[in-house]
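Architecture at a glance
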Amino acid sequence: VVYEQEGVFIHSSCGKNDDQDNLISGVLRVIEKENEVIVDWRPHDDTLDASNILCAGKDSSSVVEWTQAPKEKCSRGGDCPSSYEAEWDMVTTVSFKKKLHSNGDATTHGNGESKWSFLFSLTDLKSIKQSKEGMGWSYLVFCLKDDVKLPALHFHRGDSKPLIKCLEKHVVLNESPQDKRILLVNSQNKSLSQSFENLFDEPSYGLLQKLKRDPYTVTMGKFSRVTNYIFDSFRLSDPSHQRRPPSEMADFLSDAIPGLRINQQEEPGFEVITRIDLGRQPEVSRGEPVSAEEWARNMDSEGRILNVDYIKQSIFKGGLCHTIRKEAWKFLLGYFPWNSTKEERSNLQKKKTDEYFRMKLQWKSVSDEQEKRNSRLREYRSLIEKDVNRTDRTNKFYEGDDNSGLILLHDILMTYCMYDFDLGYVQGMSDLLSPVLYVMENEVDAFWCFVTYMEQMHQNFEEQMQGMKTQLVQLSALLRLLDSGFCSYLESQDSGYLYFCFRWLLIRFKREFSFQDILRLWEVMWTELPCQNFHLLLCCAILESEKQQIMEKHYGFNEILKHVNDLSMKIDVEYILCKAEAISMQMMSCKELPQAVSEILGIESTSLTPDSDTGEDESGAVPSCSTSLYQSISTPVAAANGTRDSTQEMSEMQSLAPA
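From a predicted model like this one, the values you see are computed outputs, not experimental measurements.

Looking at the overall build of the protein chain
- Looking only at helices and strands, the protein chain features 25 helices and 12 strands.
- Expressed as a percentage of its 659 residues, the buried residues of the protein chain come to 54%.
- Long-range pairs, those at least 24 residues apart, make up 68% of the contacts in the protein chain with a sequence separation of at least 6.
- With the model as given, the accessible surface of the protein chain reaches about 30,100 Å², and the carbon-plus-sulfur share is 47%.

Thoughts on helix α14 (residues 429-440)
- With 12 residues, α14 should reach 16 Å at 1.5 Å per residue; the first-to-last C-alpha distance of 17 Å fits that figure.
- Among the 12 residues in α14, 12 count as buried, and that is most of the element.
- Listing the buried residues of α14 in full gives M429, S430, D431, L432, L433, S434, P435, V436, L437, Y438, V439 and M440.
- Where α14 is buried, its residues touch α9 (325-332), α12 (375-389), α13 (404-419), α15 (443-457) and α19 (515-526).

Looking at the nonpolar core
- M429, F461, F509 and M587 are the most contacted members of the largest nonpolar core, which totals 125 residues.
- Two domains each donate at least three residues to this core, and these are domain 2 (320-460) and domain 3 (466-601).
- Counting residues in each nonpolar core, the second largest holds 29 residues, with W41, F120, F142 and L153 among its members.

Comments concerning the packing of α13 against α14
- Interhelical geometry of α13 versus α14 gives an angle of 125° and a closest axis separation of 10 Å. One finds that α13 runs oblique with respect to α14. The element α13 and its partner α14 pack so that their crossing is right-handed. Contacts between α13 and α14 involve G405, L408, L409, I412, L413 and Y416 from the former and M429, S430, L433, S434 and L437 from the latter.
- Looking at side-chain class alone, the contact of α13 with α14 contains 8 nonpolar, 3 polar and no charged residues.

Here's the deal with the pattern of salt bridges
- Taken as a whole and judged by the stated rule, the model has 22 salt bridges.
- In this structure, D431 and R511 form a salt bridge, with 2.9 Å as the shortest nitrogen-oxygen distance. Linking D431 in helix α14 with R511 in the loop between α18 (502-506) and α19, this pair joins segments that are 80 residues apart in sequence.
- A relative accessible area of 9% places D431 in the buried class.
- According to the relative accessible area criterion, R511 is partly exposed, its value standing at 25%.
- A salt bridge links R503 to E512; the nearest nitrogen and oxygen atoms lie 2.8 Å apart. For the pair R503 and E512, one class covers both residues: buried.
- Through salt bridges with shared partners, a single ionic network connects R286, R325, R520, E523 and E574.

So, the confidence of the model for the protein chain
- The predicted model of the protein chain averages 74 in pLDDT, with 64% of residues at 70 or higher.
- Averaged over each element, pLDDT in the protein chain is lowest for helix α1 (residues 83-88) (30) and highest for α9 (98).
- Contacts for the low-pLDDT stretch residues 46-115, under 50 throughout, to residues beyond four places or in other chains number 161 contacts.
- Predicted confidence is poor over residues 607-627, with pLDDT under 50, and the contacts of this stretch with residues over four places away or in other chains come to 31 contacts.

Observations concerning α13
- When the terminal C-alpha atoms of α13 are compared, their 22 Å separation across 16 residues agrees well with the 22 Å that a helix rising 1.5 Å per residue should span.
- Considered for burial, the residues of α13 that qualify are G405, L406, L409, H410, D411, I412, L413, M414, T415, Y416, C417 and M418.
- Residues of α13 that are buried in the fold lie against α10 (342-364), α12, α14 and α15.

Thoughts on the side chain of H563
- Among the secondary structure elements, H563 is positioned in helix α21 (residues 557-566).
- With relative accessibility at 12%, the residue H563 sits in the buried group.
- In this structure H563 touches E546, Q549, I550 and Y555, once residues within four positions along its chain are discounted.

So, the packing of aromatic side chains
- Taken as a whole and assessed by the stated rule, the structure comprises 26 aromatic pairs.
- Centroid distance Y356 to F447: 4.9 Å. Interplanar angle 55°. Geometry classified as tilted. Of this pair, Y356 sits in helix α10 while F447 sits in helix α15, and the two are 91 residues apart along the sequence.
- Looking at F447, the relative accessible area reads 0%, which means it is buried.

Focus: the packing of α12 against α13
- Interhelical geometry of α12 versus α13 gives an angle of 150° and a closest axis separation of 10 Å. Taken together, the axes of α12 and α13 lie roughly antiparallel to each other. When you trace α12 past α13, the crossing you get is right-handed. Counted together, L377, Y380, R381, I384, E385 and V388 of α12 and L406, L409, H410, L413, M414, C417 and M418 of α13 form the full contact between these two elements.
- Per-class residue counts for the contact of α12 with α13 are 10 nonpolar, 1 polar and 2 charged.

Observations concerning the pairing of strand β3 (residues 37-43)
- Taken across its 7 residues, β3 has 6 buried, putting it largely inside the fold.
- As judged from the 7 bridges shared by strand β2 (residues 22-32) and β3, these two strands associate in the antiparallel manner. Paired with R29 across the bridge in β3 is D40.
- The turn joining β2 and β3, which pair antiparallel and follow one another in sequence, is formed by 4 residues.

As for the state of the cysteines
- Summed over all chains, the structure comprises 0 disulfides.
- For C540, which is in no disulfide, the shortest distance to another cysteine sulfur is to C539 and amounts to 6.9 Å.

Some points on unusual backbone geometry
- Along the chain, L529 connects to P530 via a cis peptide bond; the corresponding omega equals 0°.
- Within the chain, H554 stands out as a residue other than glycine whose phi angle is a positive 55°.

Rules and cut-offs
Residues numbered from 1 in each chain as written. Predicted model: local features only at pLDDT ≥ 70, side-chain atom pairs only at ≥ 80, totals over all residues. Heavy atoms only, no water. Helix = DSSP H or I, 4+ residues; strand = E, 2+ residues; numbered from the N terminus. Buried < 20%, exposed > 50% of the residue type's maximum accessible area, 1.4 Å probe, protein only. Contact = heavy atoms within 4.5 Å. Areas by Shrake-Rupley, 256 points an atom, 1.4 Å probe, with all protein chains shown as cover. Expected span 1.5 Å × (residues − 1). Core = buried A, V, L, I, M, F, W, Y, C linked by side-chain atoms within 4.5 Å. Domains from an automatic or database assignment. Axes fitted to C-alpha atoms, helices over the stretch in contact; angles between N-to-C directions. Parallel < 35°, antiparallel > 145°, perpendicular 65-115°, else oblique. Left-handed = near helix turned anticlockwise from the far one by under 90°. Nonpolar A, V, L, I, M, F, W, Y, C, P; charged D, E, K, R; others polar. Salt bridge = Lys/Arg side-chain N within 4 Å of Asp/Glu carboxyl O. pLDDT = per-residue confidence, 0-100. Phe/Tyr/Trp six-rings, centres within 6.5 Å; stacked < 30°, edge-to-face > 60°. Pairing = 2+ DSSP bridges. Disulfide = S-S within 2.5 Å.

Here it is in structure tokens:
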């Protein structure tokens, strides 16, 4: 509790005379929780009469509409669902205990004296209206983001200014230009899904707070535009003032993800990665896509895959021809078990079809009136519609006047919100779904493939951003091992935090490659070969490919961001796949691979310890290099130049193929 004030009254008009207020005394508190700040007002007497509970919209992040539960359906003091619960039963079941802060309630004494209690999160606060000075007791009126005004709170003992000062520690309060009595809230806890375009509609301070608190939406847009705008934001109103130096801007960006520390040498508990000679990168080539005939040959009479390792390796080396993607992706994404029969898969699809349409019916059956009482569902729908309308239409799936593909995209994302209501919709999810829907050409299959894909990507979109923090730290460790000189240069230009890779990781390069190239890239990554976190090695491959230009032209902070952003749609997917595979082999062949890197790549390492003086362990054996399943079935054969000649390698793989 960071603020507490007794003697805060609500002046209700529940007496016999409408022109005479009832004075309801209570206590006002501001409570800091782990992820939010709550404003809580409670009357001194909290005797309950369930028949008179006033409720907020169910599972709403704010008090949306108060309705009185019918008396005949409630018994005094019993656990009784309020009127809105029945309406939302088919969508979700949430008790009062799940989210206390999302409900406003009022109770009455047996003698009929009314009183209210309410609480809300500061993230839901839109504005505060203050009383005129010198006009009796000071009072405040809280208005929430759904334009719901809570009862005025009158401060009979003291002033409301201490409360305002307390709130200013957590949100930015600005006077309204129309009415100086109204304080507009610019919350620092921005929604993860707020559209990127809105960043440029607010004052500079608001933008900077959004960038710090909401890197998702910022990095989904053009980095060069963002960077220039941020620098301009640091200027004072006087044009004669110069910009702050880039180093200060870099410090700001490096703190954009709380808890992230890229420079591992300064972090206790991290392994210090010293300069290690990895040797030359091996020469690697790509193979041909797996054909329909080859796919069919690897199935038995009941439809089981005969040699899963061989199929995965073939897909990793060459991808898939488009005609079999619809079926193969279901295995790669985990929708179909690799050992399932054709009949088992058919039964699974029937079951999943019923399950999908039941969830779809839930949100389709919600009336406009019901949706008004659920701000989260309304927010999800708004964000989905905005993102879907911006969806890339460059492929045939989205052609035509009926927009059937976009409608399906919208429906699947809305249904996913029913499937995972807590996560809901976050900007970027439509990027992950659109290629899947394009390949599946079926609403139900696309949904379940998207669900399994989101199981892999879930942490990228969570509010704490733990997945993104981990990946950026891991990427830094890999890049430092691969090229410590380049890492040092990036750090010298205040770019060592690798923030420019955020979008790559968030949506798996979706906006960096052409649509057809993304289909190839994703199916290769889904094989989970040649090691864990292969997508991080793809990042390393792209950065290493651009190292020469960045360093020779002495790019600074702003130029690096702009250059990386301008790579979008200009990267050769086959070359990068070859280079990333070569890097993986280079690292797995290293006899002194640091333990931290071995864990990132998920490979067994028997590297020398830093204290070792010889190449022998205690038993006298010479340690072997790092190994993986991939290394046991593949060896490099040609130059990493994106060429397609891999006859020798593929012939070596034939020993794995079924007869």
